[in-house]
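The residues making up each chain are set out below.
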Amino acid sequence: VSPQCPLLRRRSVVLASGQGSGCCEWLRCCGGGEPRPRTVWLGHPEKRDQRYPRNVINNQKYNFFTFLPGVLFNQFKYFFNLYFLLLACSQFVPEMRLGALYTYWVPLGFVLAVTVIREAVEETRCYVRDREVNCQAYSRLTARGQPPVFLFITQNQRVPADMIFLRTSEKNGSCFLRTDQLDGETDWKLRLPVACTQRLPTADLLQIRSYVYAEEPNIDIHNFVGTFTREDSDPPISESLSIENTLWAGTVIASGTVVGVVLYTGRELRSVMNTSNPRSKIGLFDLEVNCLTKILFGALVVVSLVMVALQHFAGRWYLQIIRFLLLFSNIIPISLRVNLDMGKIVYSWVIRRDSKIPGTVVRSSTIPEQLGRISYLLTDKTGTLTQNEMVFKRLHLGTVAYSLDSMDEVQSHIFSVYTQVMPSQSQDPPAQKGPTLTTKVRRTMSSRVHEAVKAIALCHNVTPVYESNGVTDQAEAEKQYEDSCRVYQASSPDEVALVQWTESVGLTLVGRDQSSMQLRTPGDQILNFTILQIFPFTYESKRMGVIVRDESTGEITFYMKGADVVMAGIVQYNDWLEEECGNMAREGLRVLVVAKKSLAEEQYQDFEARYVQAKLSVHDRSLKVATVIESLEMEMELLCLTGVEDQLQADVRPTLETLRNAGIKVWMLTGDKLETATCTAKNAHLVTRNQDIHVFRLVTNRSEAHLELNAFRRKHDCALVISGDSLEVGAGTPPTGSSWECASLPALGRGGDGGNDVSMIQESDCGVGVEGKEGKQASLAADFSITQFKHLGRLLMVHGRNSYKRSAALSQFAVFSSVFYFASVPLYQGFLIIGYSTIYTMFPVFSLVLDKDVKSEVAMLYPELYKDLLKGRPLSYKTFLIWVLISIYQGSTIMYGALLLFESEFVHIVAISFTSLILTELLMVALTIQTWHWLMTVAELLSLACYIASLVFLHEFIDVYFIATLSFLWKVSVITLVSCLPLYVLKYLRRRFSPPSYSKLTS
């Protein structure tokens, strides 16, 4: 804005600073209600009465008032935590009190404190990130005495709200957007300003009287319907607005400075409406532990009832039941929750610190054990299994096809057309009938090749960008910059691959703006074309088109390219399209059909009038526009087929083989044709070389799906290829006893789009995102983020396996720690209960998070070890029962041994039994450890030292002089030996005669 203009000024404005000071004075809450279309008035101060939601970003789960209640509710909605809360609360009732309050409330308070602090830290980090975004400053264009209307957004600045694009500083009259944080795609998107406002100087925007009519807020980020009307012109000017005229919040301006007017804010933003609150994921392991806790509680109730029944339900028997429930409450030790939560933190830290999978991020530290229980893996194809880097492979003209090794022939044809000199003319013999015919045939083929290449070079949405010394300029680029400075930008890597190929064969796209394109020929001649209309690609139409006028001849040509399923009905009849498309798809190529149609001037003028009228419609615009375009899409001349291939990621084949050998069934999801999906699956070794493939035929009802599934069940070791429509019909009747290992789902829309992957990741039990060329949105939404697909193998085989087995060991020791008492009052009181659960045994038990049965190299070399985890054997009902029996045996041995060997005082029973209990647990930890770590030894010795040192302060519970006698030592040794020696013998015999699978590898 010119500083000499007294009526205009640019101010700095905060994105979201509350009512009355946001992007504009009128960005306020609209009070709810159903979304409805709106009109934004420009130059009409008296009509701006629309109210808008407050434009803030809030990703926090709680606010100041709901934080503590919300955290506590999420903790106590599970039986495990609720049990300990009720247990602690019961001690406030005098008739139920069994000991000091701190023996119940201190452990529970510690667990809750850890959870609250962790949630507070995460909420604080989230608040800081939100505040940083919400307080970003922007410039606004306003007149003195008037509320601000327009926003200035500079290069590399994030768009703060959904806006209509009015003006850009770029000379070509367009700008690029980076949309990776909106839709996951890293390819830049081209955006066009409103034509009548782009022609105006920036200062004149406040002088016009106009309005924008926009559709109601909705979630569709790929479409928009609206109109821009300028009332102060004669006659009034109306322009249709589409997605190309929008700047959605969350996108970033990649070129130039833009001016826009705000349409939607706050909860009405497209990005906000597409964001769902991710569910709080609970791992299968935690659910199993919660289930086992209920079983232990059931056993607790049964024992309590038996004890009361032995007393013939005398007196206030119901109160006795509660007392027994409290008395035996340590059957469910609270240390289990502490150890598991701390273990998850350690597992997450170990994953992040693994140098062999650098850049791995753990965003959900609550489910690392879930990585060890993966049975089905659903993976996207594009950008995950493949690099999303397209390479041009095939040009097919019907009678002849050119592959990579024959592209020099295509280049020769292009050269001959534009130079009119045959490269081999000097070697031709004098004019004779044979050579003349050959020359004519060659010129005919050259013409066909030229028409195909020119169509590919013109039918796209690619823009060449020239960069030199940090300056971007496209005007007269072919004169100012060399080819090495040119970069192609487009919303699709397929289109970039096609334009790069035309450059390699001699026809180069050197310039493009809103209304023209320039091609350079092999002879450095510049061909100018005027862009009359562009019909962008949509996932509904599966095609795109462009109408151009050749400036040298005035000819108008309609070019179109698209998928064979839609183009087959548009092009003229031929007998080779379907067959060759199938052949190319079976080679794993993405096939596009290219066609053209010449238009007379009158024919185009008639079409333009109908097209403009349809675009101005605000009701059923898409249908009306499509109808008009379809009037041209008839009897088009088929020019060629193009085939591009997406390159596989590095090491994707061995990774998929590892997953398959581990018993994980892999589904590949893609939007490609069935033949292309099958070929990719074979190339990636998702399907083995000798494995049969069953193509699920298209079904329309559940009966047909059931018959097809039965046919699939009868096949052994067979991969499945199924379309999205068929999968939707048969989803309720999955096959049993068979592996659904490969799927192609065109109904999903865009295979490989990072934004579309988010919902799949959030709904999964364990979401893993891969940071790739399609952006980071899927990675940011995932529970675990890796930089390469090949890192998935180590994440599951090593870290997932170790996390699950270690947590299973921690849970087993929690069961072991629950010793059954057979007395009416607690045997151990006060500090002994707390000390047993904390400093005496916590460190050795927790050191099991460092244990591993095999080295990481062995786990990767033999993925079959992972199969054992899929059956849940480390924490099954069988192992649970075994550890319960062990605890009963050892608890009984310690109790009855102490009662049998004690002398005259009760305090001697406490000394003998408690010391035996501590020693037995330390020995059991040593019995369980597979691979010793130096910290494990330190933990064992430290715990024993803590117990010995604390005996001096435990004279209230233990006779210090008695423990120094020889009688105490031999009695404790005998009890400990009787409780542990049989288990050591059983462990030796089991490893000797029935060794586990991992022991064979370690030996």
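Residues numbered from 1 in each chain as written. Predicted model: local features only at pLDDT ≥ 70, side-chain atom pairs only at ≥ 80, totals over all residues. Heavy atoms only, no water.

Draft legend 1. Expanded view of the overall build of the protein. Counting secondary structure elements, the protein contains 34 helices and 32 strands. With 1003 residues in all, the protein has 52% of them scored as buried. The long-range share in the protein, meaning contacts at least 24 apart out of those at least 6 apart in sequence, stands at 72%. Surface accessibility of the protein: about 46,200 Å² in total, with carbon and sulfur atoms responsible for 57%. (Helix = DSSP H or I, 4+ residues; strand = E, 2+ residues; numbered from the N terminus. Buried < 20%, exposed > 50% of the residue type's maximum accessible area, 1.4 Å probe, protein only. Contact = heavy atoms within 4.5 Å. Areas by Shrake-Rupley, 256 points an atom, 1.4 Å probe, with all protein chains shown as cover.)

Draft legend 2. View of the nonpolar core. Ranked by internal contacts, the top residues of the largest apolar core, which has 88 residues, are Leu656, Leu659, Ile664 and Leu796. Dropping the residues within four chain positions of it, leucine 659 is found in contact with Leu377, Ile664, Val666, Leu792, Leu796 and Met797. Counting 41 residues, the second-largest nonpolar core is a separate cluster that includes Cys459, Val499, Met517 and Leu639. (Core = buried A, V, L, I, M, F, W, Y, C linked by side-chain atoms within 4.5 Å.)

Draft legend 3. Summary view of the sheet that holds strand S17 (residues 401-403). Spatially, S17-S16-S27-S26-S25-S24-S23-S22-S21 is the arrangement adopted by the 9 strands of the open sheet, whose pairing is antiparallel. The two strands at the open ends of the sheet, each matched to only one other strand, are S17 and strand S21 (508-512). Averaged over all pairs of adjacent strands, the angle between strand axes in this sheet comes to 30°, irrespective of strand direction. Note that strand S26 (residues 590-599) and strand S27 (residues 637-648) share 7 bridges and pair antiparallel. (Pairing = 2+ DSSP bridges. Axes fitted to C-alpha atoms, helices over the stretch in contact; angles between N-to-C directions.)

Draft legend 4. Helix H2 (residues 79-90), seen in detail. In this model H2 runs 16 Å from its N-terminal to its C-terminal C-alpha over 12 residues, within 8% of the 16 Å that 1.5 Å per residue would give. Along H2, the residues that are buried comprise Phe80, Asn81, Tyr83, Phe84, Leu85, Leu87, Ala88 and Ser90. Looking at the buried positions of H2, the neighbouring elements they touch are helix H1 (67-76), helix H3 (102-134), helix H7 (284-310), helix H8 (317-327) and helix H9 (335-353). (Expected span 1.5 Å × (residues − 1).)

Draft legend 5. Molecular detail of the pairing of strand S5 (residues 162-168). The buried fraction of S5 is high, at 7 of 7 residues. In the sheet, S5 pairs with strand S13 (residues 258-264) via 6 bridges, with the strands oriented antiparallel. By the bridge assignment, phenylalanine 165 is partnered in S13 with glycine 260. Examined bridge by bridge, S5 and strand S11 (residues 246-247) share 2 bridges and lie antiparallel to one another. The residue of S11 that forms the bridge with isoleucine 164 is threonine 246.

Draft legend 6. Layout of unusual backbone geometry. Within the chain, histidine 312 stands out as a residue other than glycine whose phi angle is a positive 60°. Here histidine 312 shows up in the loop between H7 and H8. Even without a glycine there, the phi angle at phenylalanine 313 is positive, about 50°. Tracing the backbone through its elements, the reader meets phenylalanine 313 in the loop between H7 and H8.

Draft legend 7. Main features of the UniProt feature "binding site: ATP" (unreviewed entry) in the protein. As annotated by UniProt and renumbered to match this structure, "binding site: ATP" (unreviewed entry) occupies Asp380, Lys381, Thr382, Glu495, Phe537, Lys561, Arg590, Thr670, Gly671, Asp672, Asn756 and Asp757. Considering the arrangement of structural elements, one finds lysine 381 in helix H10 (residues 381-385). Discounting residues that sit within four places of it in the chain, lysine 381 has contacts with Thr386, Arg590, Met668, Leu669, Thr670, Asp672 and Thr680. (UniProt positions renumbered as here; feature names shortened; annotations may be inferred.)

Draft legend 8. Quick peek at the UniProt feature "active site" (unreviewed entry) in the protein. UniProt annotation of "active site" (unreviewed entry) refers to Asp380 when read in the numbering used here. With respect to the helices, strands and loops of the structure, aspartate 380 is situated in strand S15 (residues 376-380). For aspartate 380, a relative accessible area of 5% puts it in the buried group.

Draft legend 9. Region of interest: a nonpolar patch on the surface. The grouping of Leu923, Leu977, Leu981, Tyr984, Val985, Leu986, Tyr988, Leu989 and Phe993 at the surface amounts to a nonpolar patch, some 900 Å² of accessible area in total. The leading source of residues in the nonpolar patch is helix H33 (residues 966-993), at 8 residues. If you trace the backbone, leucine 981 turns up in helix H33. Looking at leucine 981, the relative accessible area reads 44%, which means it is partly exposed. (Patch = residues over 30% accessible without salt bridge, like charges linked within 9 Å, V, L, I, M, F, W, Y side chains within 5 Å. Salt bridge = Lys/Arg side-chain N within 4 Å of Asp/Glu carboxyl O.)

Draft legend 10. Spatial organisation of the side chain of glutamate 288. Tracing the backbone through its elements, the reader meets glutamate 288 in helix H7. Residues in contact with glutamate 288, not counting those within four places in the same chain, are Arg373, Tyr804 and Leu875.

Draft legend 11. Representation of the packing of aromatic side chains within the structure. All told, the structure shown has 19 aromatic pairs when counted by the stated rule. When the ring of tyrosine 62 is compared with that of phenylalanine 67, the centres are 5.7 Å apart and the planes differ by 85°; the resulting orientation is edge-to-face. Residue classification places tyrosine 62 among the buried residues on the basis of a relative accessible area of 10%. An aromatic cluster is built from Phe535, Phe558, Tyr604, Phe607 and Tyr611, whose rings are joined through pairwise contacts. The cationic tip of lysine 665 hangs over the ring face of tyrosine 376; the distance from NZ or CZ to the ring centre is 5.6 Å. Between the NZ or CZ atom of arginine 992 and the centre of the ring of phenylalanine 993, over which it lies, the distance is 5.5 Å. (Phe/Tyr/Trp six-rings, centres within 6.5 Å; stacked < 30°, edge-to-face > 60°. Lys NZ or Arg CZ within 6 Å of the ring centre and 35° of its normal.)

Draft legend 12. Quick look at the confidence of the model for the protein. Averaged over the protein, the pLDDT score is 80; the fraction of residues at 70 or greater is 84%. Of all the helices and strands in the protein, strand S1 (residues 8-14) carries the lowest mean pLDDT, 39, while strand S25 (residues 556-562) carries the highest, 95. (pLDDT = per-residue confidence, 0-100.)

Draft legend 13. Region of the structure containing the sheet that holds strand S9 (residues 226-230). The strand order across the open sheet built from 4 strands is S2-S8-S9-S10, with neighbouring strands paired in antiparallel fashion. Strand pairing shows two members of the sheet lacking a second neighbour, strand S2 (38-42) and strand S10 (237-241), which therefore form its edges. Taken over all neighbouring pairs, the strand axes of this sheet differ in orientation by 15° on average, direction set aside.

Draft legend 14. Molecular detail of the pairing of S25. Burial runs high along S25: 7 of the 7 residues are buried. Burial along S25 is two-sided: Ile556, Phe558, Met560 and Gly562 and Thr557, Tyr559 and Lys561, pointing in opposite directions, are all buried. The pairing of strand S24 (residues 543-550) with S25 spans 7 bridges and is classified as antiparallel. Across the sheet, residue methionine 544 finds its bridge partner in S25, namely lysine 561. The turn linking S24 back onto S25 is made up of 5 residues, and glycine 554 within it adopts a positive phi angle of 80°. One ladder, built from 7 bridges, connects S25 with S26; its direction is antiparallel. What sits directly across from methionine 560, in S26, is alanine 595.

Draft legend 15. View of the pattern of salt bridges. For the structure shown, the criterion picks out 21 salt bridges. A salt bridge links lysine 596 to glutamate 451; the shortest N-O distance between them is 3.0 Å. Placement of the pair is lysine 596 in strand S26 and glutamate 451 in helix H12 (residues 433-458), with a sequence separation of 145 residues. No difference in accessibility class separates lysine 596 from glutamate 451, as the two residues are buried.

Draft legend 16. Structural detail: the environment of leucine 638. Within the secondary structure, leucine 638 sits in strand S27. Residue class for leucine 638 comes out buried when judged on its relative accessible area of 16%. The spacing of leucine 638 and isoleucine 570 is 68 residues in sequence and 9.1 Å in space, taken between C-alpha atoms. If we skip the residues at most four places from it in the chain, leucine 638 touches Val571, Asn574, Trp576, Leu577, Val593, Val594 and Ala595.

Draft legend 17. Broad picture of empty space enclosed by the protein. For the structure shown, the criterion picks out 6 cavities of 30 Å³ or more. The space that makes up the second largest cavity amounts to roughly 120 Å³. Of all the secondary-structure elements, those providing two or more residues to the lining of the second largest cavity are H7, helix H25 (791-817) and helix H30 (877-901). Looking at the lining of the second largest cavity, its residues break down into 13 nonpolar, 3 polar and no charged. (1 Å grid on protein atoms, 1.4 Å probe; cavity = no way out; pocket = protein on both sides within 12 Å on 5 of 7 lines; lining within 4 Å. Points joined across faces, edges and corners; volume = space filled by probe spheres on them. Nonpolar A, V, L, I, M, F, W, Y, C, P; charged D, E, K, R; others polar.)

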